Amino acid sequence: MSRNLILGAVLSSLVLLAALVSFVWTPYDHAALNIPGKLQTPGAQNWFGTDHFGRDMFSMIMVGARTSIAVALVAVGIGMALGVPLGLTAAARRGAWLDEVIMRGNDLVFAFPSLVIAILITAIFGAGAINAIIAIGIFNIPVFARITRGAALSLWEREFILAARVSGKGAARISAEHILPNVANLLIVQGTIQFSLGILAEAGLSYVGLGAQPPTPSWGRMLADAQTMVNFAPHLALIPGLAIIVTVLGLNLLGDGLRDWLDPRIRVARA
C-alpha cells in the first residue's frame, strides 16, 4: 500500500470524521453570536478563534465540512448516475448517430468553464445548496461519460466480449455484466478526483454568494467574509483556506493511491 494512499486516507478520514461528529457535537453553537468576544485569536477557549460576529471558528469549520462534503458527494453521485450509462451507451453504439449525439453534447458542456456554468445556473435559479449541487452535478455528467466511453471502447474488441456476443447477449446486458465491472476501478479513481473538484466548486460558489446560504456555514463564504479583515485577523482566512487545502490534498492523494493500488499493471511493475 503506497504512502499516498495512506496519507490521503488519513486526511480524508479526518475531514469526514469532523463532518460526522458535527451532527451530534460541536464545541459551541455555530450560529450563536457573541459580539463582545469577536475576532479572538486561536486559544484554549476557542481553538480556532472567533469571527467578526464572535462565532466559534472551530464549530463553523466542522459544520462547513458537512456542507462541502454533502454538496460534492451528491454532485458526484449525479454525475456518475447519469454519465456512466451515457458513456456505456455511446461505446456500445460507437460510430452510430447516438454516439455522436452524446459526445457532441459532452463537447458543448466542456466548451464552457465548469465554474462559469455553475455560476450561470445558480444565478438563474437562485443561490442555495440544492442549486449548487445541480450545477456541479451537471458538469460531472460529461466527465464520467467520456471516461466511461474511452475505457469501454478498448474492451468491446476483447475476446471475452466477443464470446458474450456470440452467446446471444445484447449490448445493454454486455455493458452491465462485462464492461461496467472492468471499468469500475477507473471510475472509483475518477470519482475521488471529481469529489475534490466538487469541494473546490462549492467553495467557489459560496465565495461569490451562490452556494449554501446563512446561517449554514460554508468554507467559501468564510473566506469571502474574511477578505476585508486579513490584515488584523488573518486566522479568519487561514483556517478555512487550510481546511480546503487539506481536504482537496487528501482526496487527490487518495485518488492517486487508489489508482496505483487498483491498477494491476502498476503492481506488477513494482513487484
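So, how was this worked out
- Residues numbered from 1 in each chain as written.
- Predicted model: local features only at pLDDT ≥ 70, side-chain atom pairs only at ≥ 80, totals over all residues.
- Heavy atoms only, no water.
- Helix = DSSP H or I, 4+ residues; strand = E, 2+ residues; numbered from the N terminus.
- Buried < 20%, exposed > 50% of the residue type's maximum accessible area, 1.4 Å probe, protein only.
- Contact = heavy atoms within 4.5 Å.
- Areas by Shrake-Rupley, 256 points an atom, 1.4 Å probe, with all protein chains shown as cover.
- Lys, Arg positive; Asp, Glu negative; His and termini not counted.
- Charge placed at Lys NZ, Arg CZ, Asp CG, Glu CD.
- Salt bridge = Lys/Arg side-chain N within 4 Å of Asp/Glu carboxyl O.
- Phe/Tyr/Trp six-rings, centres within 6.5 Å; stacked < 30°, edge-to-face > 60°.
- 1 Å grid on protein atoms, 1.4 Å probe; cavity = no way out; pocket = protein on both sides within 12 Å on 5 of 7 lines; lining within 4 Å.
- Points joined across faces, edges and corners; volume = space filled by probe spheres on them.
- Nonpolar A, V, L, I, M, F, W, Y, C, P; charged D, E, K, R; others polar.
- Core = buried A, V, L, I, M, F, W, Y, C linked by side-chain atoms within 4.5 Å.
- Axes fitted to C-alpha atoms, helices over the stretch in contact; angles between N-to-C directions.
- Parallel < 35°, antiparallel > 145°, perpendicular 65-115°, else oblique.
- Left-handed = near helix turned anticlockwise from the far one by under 90°.

Q: Please set out the overall build of the chain residue by residue, giving values where relevant.
A: Across its full length, the chain carries 10 helices and 0 strands. Across the chain, helices and strands are ordered from the amino to the carboxyl terminus as α-α-α-α-α-α-α-α-α-α. A total of 271 residues make up the chain; the buried ones form 45% of that total. The long-range share in the chain, meaning contacts at least 24 apart out of those at least 6 apart in sequence, stands at 69%. Taken as a whole, the chain presents about 13,700 Å² of accessible surface, with 69% of it coming from carbon and sulfur. In the chain, 18 side chains carry a positive charge and 14 a negative one; their mean positions are 6 Å apart.

Q: Can you lay out the environment of Glu100 for me, pointing to particular residues and giving the numbers?
A: Tracing the sequence through the fold places Glu100 in helix 3 (residues 97–110). Between the alpha carbons of Glu100 and Ala90 there is a distance of 7.8 Å; along the sequence they are 10 residues apart.

Q: Tell me about the pattern of salt bridges, and name the residues and values.
A: Summed over the entire model, instances satisfying the criterion amount to 10 salt bridges. A salt bridge links Arg104 to Glu100; the shortest N-O distance between them is 2.7 Å. You can see Arg104 and its partner Glu100 sitting in helix 3, 4 residues apart, about one turn around the helix. For Arg104, a relative accessible area of 43% translates into the label partly exposed. For Glu100, a relative accessible area of 40% gives the class partly exposed. Bridged by salt links that share partners, the residues Glu100, Arg104, Asp107 and Arg146 form one connected network.

Q: For the environment of Ser13, give the residues involved together with the corresponding values.
A: Relative to the helices and strands, Ser13 is located in helix 1 (residues 3–21). In the structure, Ser13 is positioned 234 residues away from Thr247 in sequence and 9.4 Å away in space, judged by C-alpha atoms.

Q: Just give me the short version of the packing of aromatic side chains, but keep the residues and values in it.
A: If you walk through the whole model with that rule in mind, you get 3 aromatic pairs. An angle of 65° between the planes, with centres 5.1 Å apart, marks the rings of Trp47 and Phe58 as edge-to-face. Separated by 11 residues along the polypeptide, Trp47 in the loop between helix 1 and helix 2 (57–92) and Phe58 in helix 2 bring together distant segments of the chain. Exposure remark for Trp47: the relative accessible area of 48% places this residue in the partly exposed category. For Phe58, a relative accessible area of 18% gives the class buried.

Q: Describe the layout of surface pockets, and please don't skip the residues or the numbers.
A: By volume, the second largest pocket amounts to about 350 Å³. Around the second largest pocket, the lining comprises 17 residues; the ones closest to its centre are Ala18, Phe48, Phe58, Ile61 and Ala243. Among the elements of the structure, helix 1, helix 2 and helix 9 (235–262) are those that each provide at least two residues to the lining of the second largest pocket. Here the residues of the lining of the second largest pocket sort into 16 nonpolar, 1 polar and no charged.

Q: Explain the nonpolar core to me, and be specific about the residues and the numbers.
A: Generally speaking, soluble globular proteins have nonpolar side chains that are buried together. Counting residues in each nonpolar core, the largest one holds 38 residues, and the members touching the most others are Trp156, Ile179, Phe195, Ile199 and Trp219. At the level of secondary structure, the elements contributing two or more residues to this core comprise helix 1, helix 2, helix 5 (129–153), helix 6 (159–166), helix 7 (171–207), helix 8 (219–226) and helix 9. Here the element with the most residues in this core is helix 2; it accounts for 11 residues. When near neighbours in sequence (up to four residues on either side) are disregarded, Phe195 contacts Ile69, Ala72, Leu73, Val76 and Leu251. The next biggest cluster of nonpolar side chains, apart from the first, holds 12 residues, and it includes Ile117, Ala132, Ala201 and Leu210.

Q: Any details on the packing of helix 8 against helix 9? Residues and values, ideally.
A: The axes of two packed helices give the description: the angle between them and the distance between them. Where helix 8 contacts helix 9, the axes come no closer than 8 Å and their chain directions differ by 150°. The angle between helix 8 and helix 9 places the two elements in the roughly antiparallel class. Considering how the two elements wind past one another, helix 8 and helix 9 form a crossing that is left-handed. Here Trp219, Met222, Leu223 and Ala226 of helix 8 come into contact with helix 9, specifically with Leu236, Ala237, Pro240, Gly241, Ala243, Ile244 and Thr247. A breakdown of the residues in the contact of helix 8 with helix 9 according to their chemical character gives 9 nonpolar, 2 polar and no charged.

Q: If you had to explain empty space enclosed by the protein to someone new, which residues and values would you point to?
A: A complete count under the given rule lists 1 cavity of 30 Å³ or more for this structure. Computed from the structure, the largest cavity encloses a volume of approximately 100 Å³. At the level of elements, helix 2 and helix 8 are the ones that each hand at least two residues to the lining of the largest cavity. Residue contributions to the lining of the largest cavity peak at 3 residues, all from helix 8. Counted by class, the lining of the largest cavity contains 6 nonpolar, 2 polar and 4 charged residues.

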